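Observations on the model geometry
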Amino acid sequence: MTFIDSAQSHSRRSGHIKLHGPEGFAGMGKAGRLTAEALDRLAERVKPGVTTNALDRFIYEFARDHGAYPAPLLYRGFRKSICTSINHVVCHGIPDDKPLRDGDILNIDVTLIVDGWHGDASRMYVAGEAPRRAMRLIDVTYECLRRGIAAVKPGATVGDIGYAIQSYAESERCSVVRDFCGHGLGQLFHDEPNILHVGKRGEGAPLRPGMFFTIEPMINIGGFGVKVLADGWTAVTRDRSLSAQFEHTIGVTETGAEIFTASPAGLEHPPYAR
């Protein structure tokens, strides 16, 4: 594993982890705040009868009106501005014109590019009133994210993050998806290192101040197996059990982690009371 100054390279190279300085933290802070504000604005818009295409249009217009660009749009052929993953969809769900039903749970993943920096975050939302088991899954998944972030500090490892998430999820009789992971980012949408949500303490890449990456555990009520549908994007649980996800973009500091995508309105976890 090689650590390099972010100014030395603007491309992804396997095994090369970029370290960022104050300019990078400022840029990521701005991008993260706008992404978090966009997710805040969705809280009052997710309800039965609303289509995910309508939510997609809202985020596209929000980005345009704030001088930003939605990173997923046209990324490797993806034709929408956000990902909307409903019920047993694990990630990368594609917005469409099917109305949300009462009791649906969904993850909405938003990445906005602001002045060249990527703010990447996702939250769970509920259309109407969800079953208790769905809300329990959401609670467990949010706590997995919290514990993963709490494990971040200089001298820790990527494996410490994975261990914190996996040990808690499995203690709650849930499973952790292995097929997808968090990732480095900054002026690239996806960069080194990969952040696995399972792991062993002390293993994997060491964490150093200046690293930027996402932590985004995907937690299932059933087994951890997933499959990708024929559209090439939508990943679903093999056993059709419910899945949930939360995501933050963070920077490693001298003492821990700075959460770039923290909610300005405190709307981190449903239900989003106003």
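Residue indices follow the written sequence of each chain, beginning from 1 at its first position. For this predicted model, a pLDDT threshold of at least 70 governs which residues receive local features, and a threshold of 80 or more governs which side-chain atom pairs are given and counted, while totals over whole chains, interfaces and linings are taken from all residues. Only hydrogens and water are removed before side-chain values are computed, so all heavy atoms of the structure are retained for them.

**What about the overall build of the protein chain?**
Helix and strand definitions follow DSSP, with helices as H or I runs of at least four residues and strands as E runs of at least two, each counted in order from the N terminus. Scanning the protein chain from terminus to terminus reveals four helices and 17 strands. The globule rule used for comparison is 2.2 Å times the number of residues to the exponent 0.38, while the radius of gyration itself is calculated over C-alpha atoms. Compactness check: the protein chain gives a C-alpha radius of gyration of 17 Å against a globular reference of 19 Å for 274 residues, within 12% of the reference. Overall, the protein chain is about 50 × 45 × 40 Å in size when its C-alpha atoms are taken along their principal axes. Relative accessibility under 20% of the residue-type maximum defines a buried residue, over 50% an exposed one, and the middle range a partly exposed one, all with a 1.4 Å probe and only protein chains included. For the protein chain, the residues scored as buried account for 57% of the 274 residues in total. Should any heavy atoms of two residues lie within 4.5 Å, those residues are counted as being in contact. Across the protein chain, contacts joining residues at least 24 apart in sequence account for 69% of those joining residues at least 6 apart. The Shrake-Rupley method, run with a 1.4 Å probe, gives the accessible areas here. Residue values count only the displayed protein chains as cover. Working note: accessible area of the protein chain is about 11,900 Å², and carbon and sulfur atoms make up 49% of it.

**What about the packing of aromatic side chains?**
Ring pairs (aromatic) are described by centroid distance and by the angle formed between their planes. The criterion for an aromatic pair is that two Phe, Tyr or Trp rings (for Trp, the six-membered ring) have centres within 6.5 Å, with stacked assigned to planes under 30 degrees apart, edge-to-face to planes over 60 apart and tilted to the rest. Tallied over the full model, the rule gives seven aromatic pairs. Where Phe58 meets Phe62, the ring centres are 6.2 Å apart and the plane angle is 35°; that geometry is what we call tilted. You can see Phe58 and its partner Phe62 sitting in helix H2 (residues 52–65), four residues apart, about one turn around the helix. Looking at Phe58, the relative accessible area reads 15%, which means it is buried. Among the aromatic residues, those joined into a cluster by ring pairs are Phe25, Phe212 and Phe260.

**A few points about the pairing of strand S6 (residues 105–114)**
Among the ten residues of S6, nine are classified as buried, and the element is accordingly described as predominantly covered. Two strands form a pair only when DSSP identifies at least two bridges running between them. Sheet topology note: the S6/strand S7 (residues 117–126) ladder contains ten bridges and is antiparallel. Among the inter-strand pairings, Asp109 is bridged to a residue of S7, identified as Ser122. Hairpin connection from S6 to S7: two residues lie between these consecutive antiparallel strands, with Asp115 at a positive phi of about 55°.

**Digging into the environment of Ser9**
Considering the arrangement of structural elements, one finds Ser9 in the loop between strand S1 (2–5) and strand S2 (16–19). Residue class for Ser9 comes out buried when judged on its relative accessible area of 13%. Spatially, the C-alpha atoms of Ser9 and Phe62 are 31 Å apart, while their sequence positions differ by 53 residues. Leaving out residues up to four positions away in the same chain, Ser9 has contacts with Ile4 and Lys18.

**A look at the layout of surface pockets**
Lining residues are defined by having an atom within 4 Å of a point belonging to a cavity or pocket. Those points lie on a 1 Å grid over the protein atoms alone, cavities being sets where a 1.4 Å probe fits but cannot get out and pockets being open sets with protein on both sides within 12 Å along at least five of seven lines. Grid points are joined across faces, edges and corners, and a volume is the space filled by probe spheres set on the points. As a volume, the largest pocket reaches approximately 520 Å³. Around the largest pocket, the lining comprises 25 residues; the ones closest to its centre are Tyr75, His92, His183, His190 and Glu216. Going through the elements one at a time, S6 and strand S9 (182–184) are the ones with two or more residues in the lining of the largest pocket. Per-element accounting of the lining of the largest pocket gives the leading share, three residues, to S6. Residues are grouped as follows: nonpolar covers Ala, Val, Leu, Ile, Met, Phe, Trp, Tyr, Cys and Pro; charged covers Asp, Glu, Lys and Arg; every other residue, Gly included, is treated as polar. A class-by-class count of the residues in the lining of the largest pocket yields eleven nonpolar, seven polar and seven charged. Here the second largest pocket defines a volume of roughly 360 Å³. Around the second largest pocket sit 18 residues that line it, and Ile86, His88, Val89, Asp96 and Lys98 are the ones nearest its centre. Of the residues in the lining of the second largest pocket, the class split is seven nonpolar, six polar and five charged.

**Description of helix H4 (residues 158–171)**
A helix is expected to reach a length of 1.5 Å times the quantity of its residues less one. A rise of 1.5 Å per residue sets the reference length of H4, with its 14 residues, at 20 Å; its end C-alpha atoms lie 20 Å apart and thus fit the reference within 8%. In terms of burial, H4 is a largely internal element, ten of the 14 residues being buried. All buried positions along H4 are accounted for by Val158, Gly159, Asp160, Ile161, Gly162, Ala164, Ile165, Gln166, Tyr168 and Ala169. Next to the buried residues of H4 lie helix H3 (132–150), strand S8 (175–176), strand S10 (191–195), strand S11 (212–215) and strand S12 (218–220). Just downstream of H4 lies Arg173, where phi reads positive at about 60°.

**With respect to the sheet that holds strand S13 (residues 226–228)**
Taken in spatial order, the three strands of this open sheet run S5-S14-S13, and their pairing is antiparallel. Strands with a single pairing partner mark the edges of an open sheet, and in this sheet they are strand S5 (89–91) and S13. In this sheet, adjacent strand axes meet at a mean angle of 40° when their direction is disregarded. Strand direction decides the pairing type here: S5 and strand S14 (residues 235–237), joined by two bridges, are antiparallel. Opposite Val89, over in S14, you have Val236 as the bridge partner. The axes used here are C-alpha line fits, helices contributing only the stretch in contact, and every angle between their N-to-C directions lies in the interval 0 to 180 degrees.

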